[in-house]
Amino acid sequence: MPLQAVLFDMDGVIVDTEPLHRKAYFKTFTDLGIEVSEGLYTSFTGASTKRVCETLIREFGLSHTYENIAEIKRKYFKEYFYNDEDFDLIPGVRELIRHYHENGITLILASSATMTTINMVFEKFGLEPYFSGKISGADLKESKPHPEVFQRAAEMAGKPVEHCLVIEDSTNGILAAHRARIFCAAYRSPHSKNQDYTLADTVVSDYSDLEIEKISQYFA
């Protein structure tokens, strides 16, 4: 049976909001009066805002609530989202999304981002017509690397996991796909530093390498 559904991560895969998140987080750290090392910040890649905030509260003994920190960060993120001139879709991803859609592949978004952020991205770049569903990891009990988000995305697509493809760029996301037993293509993003692609089934730097005819041997 051929490929039937593609489960897209969003950050670092469809858009690169990482630079925006980074700017927003570091502004937030300044407001909180804390110094976050590069090592600690890198470990947040692919994690939900809730998990990041909870880690900060624990690591720095903050008296703020998770909601309070998230609110500060969200305010900065929105400013950058609508005003940062460098913010755009990742090269080649719109063409790949169209390619799958035109070939009858069911597309589901499965991201750790909040549904608010997901909807902002879909509206800004006109992606709504191509996707059959969207899942926010922020609404789930477990976040990546737990496989729940991809298990739910496969259920939402109504396809068996062996006929699904996950496109991810982070260590946590790749591990989540691996645990969900779904074929995972890792996109080697220039912005996702220090990510581990060991458990990915294939690694690409160009989205044209994920066109149906080029990956059909994996879904024979």
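An account of the accompanying structure is given in this report. Keep in mind the model is a prediction, meaning the values are calculated, not measured.

Definitions and cut-offs
Residues numbered from 1 in each chain as written. Predicted model: local features only at pLDDT ≥ 70, side-chain atom pairs only at ≥ 80, totals over all residues. Heavy atoms only, no water. Buried < 20%, exposed > 50% of the residue type's maximum accessible area, 1.4 Å probe, protein only. Helix = DSSP H or I, 4+ residues; strand = E, 2+ residues; numbered from the N terminus. Contact = heavy atoms within 4.5 Å. Pairing = 2+ DSSP bridges. Expected span 1.5 Å × (residues − 1). Arc of directions from axis to C-beta. Salt bridge = Lys/Arg side-chain N within 4 Å of Asp/Glu carboxyl O. Axes fitted to C-alpha atoms, helices over the stretch in contact; angles between N-to-C directions. Left-handed = near helix turned anticlockwise from the far one by under 90°. Nonpolar A, V, L, I, M, F, W, Y, C, P; charged D, E, K, R; others polar.

Details of helix H8 (residues 171-179)
Thought 1: Taken together, the buried positions of H8 are Asn172, Gly173, Ile174, Ala176 and Ala177.
Thought 2: Those residues of H8 that are buried lie in contact with helix H3 (49-60), helix H7 (148-157), strand E4 (164-168) and strand E5 (183-187).
Thought 3: At the C-terminal side of H8, Arg181 shows a positive phi close to 60°.

Observations regarding the pairing of strand E2 (residues 106-111)
Thought 1: Summarising burial for E2: 6 of the 6 residues are buried, a large majority.
Thought 2: Note: strand E1 (residues 5-8) against E2, 4 bridges, orientation parallel. When the bridges of E2 are listed, Val6 appears paired with Leu107.
Thought 3: Across 4 bridges, E2 lies against strand E3 (residues 133-136) in parallel orientation.

As for helix H4 (residues 66-83)
Thought 1: The end-to-end C-alpha separation of H4 is 26 Å, in line with the 26 Å expected for 18 residues at 1.5 Å each.
Thought 2: Listed as buried for H4 are Ile69, Ala70, Ile72, Lys73, Tyr76, Phe77, Tyr80 and Phe81. The buried residues of H4 occupy an angular sector of 165° when the element is viewed end-on, so they sit on one face.

Concerning the environment of Glu95
Thought 1: Assignment of secondary structure puts Glu95 in helix H5 (residues 93-102).
Thought 2: We classify Glu95 as exposed; its relative accessible area is 51%.
Thought 3: In this structure, the C-alpha to C-alpha distance between Glu95 and Tyr207, residues 112 residues apart in sequence, is 8.5 Å.

Quick notes on the pattern of salt bridges
Thought 1: Taken as a whole and assessed by the stated rule, the structure comprises 8 salt bridges.
Thought 2: In this structure, Glu38 engages Arg22 in a salt bridge whose closest nitrogen and oxygen atoms are separated by 2.6 Å. Residue Glu38 is found in helix H2 (residues 38-42), and its partner Arg22 is found in helix H1 (residues 18-32); the two are separated by 16 residues along the sequence.
Thought 3: A residue is classified by how much of its surface remains accessible, and Glu38, at 45% relative accessible area, is partly exposed.
Thought 4: Among the ionic pairs, Glu71 bridges to Arg74, the shortest N-O distance being 2.9 Å. Taken together, the residues span about one helical turn, with Glu71 and Arg74 both in helix H4 at a distance of 3 residues.
Thought 5: Judged by its relative accessible area of 35%, Arg74 is partly exposed.

A look at the packing of H3 against H4
Two quantities define a packed helix pair, namely the angle between the axes and the distance from one axis to the other.
Thought 1: Look at H3 against H4: their axes get within 9 Å of each other, and the N-to-C directions meet at 115°. Between H3 and H4 the crossing geometry is right-handed. For the pair formed by H3 and H4, the contact residues are Thr49, Lys50, Cys53 and Ile57 on the first element and Tyr66, Ile69, Ala70 and Lys73 on the second.
Thought 2: Taken together, the residues that form the contact of H3 with H4 break down as 5 nonpolar, 1 polar and 2 charged.

In short, geometric facts, not functional conclusions.
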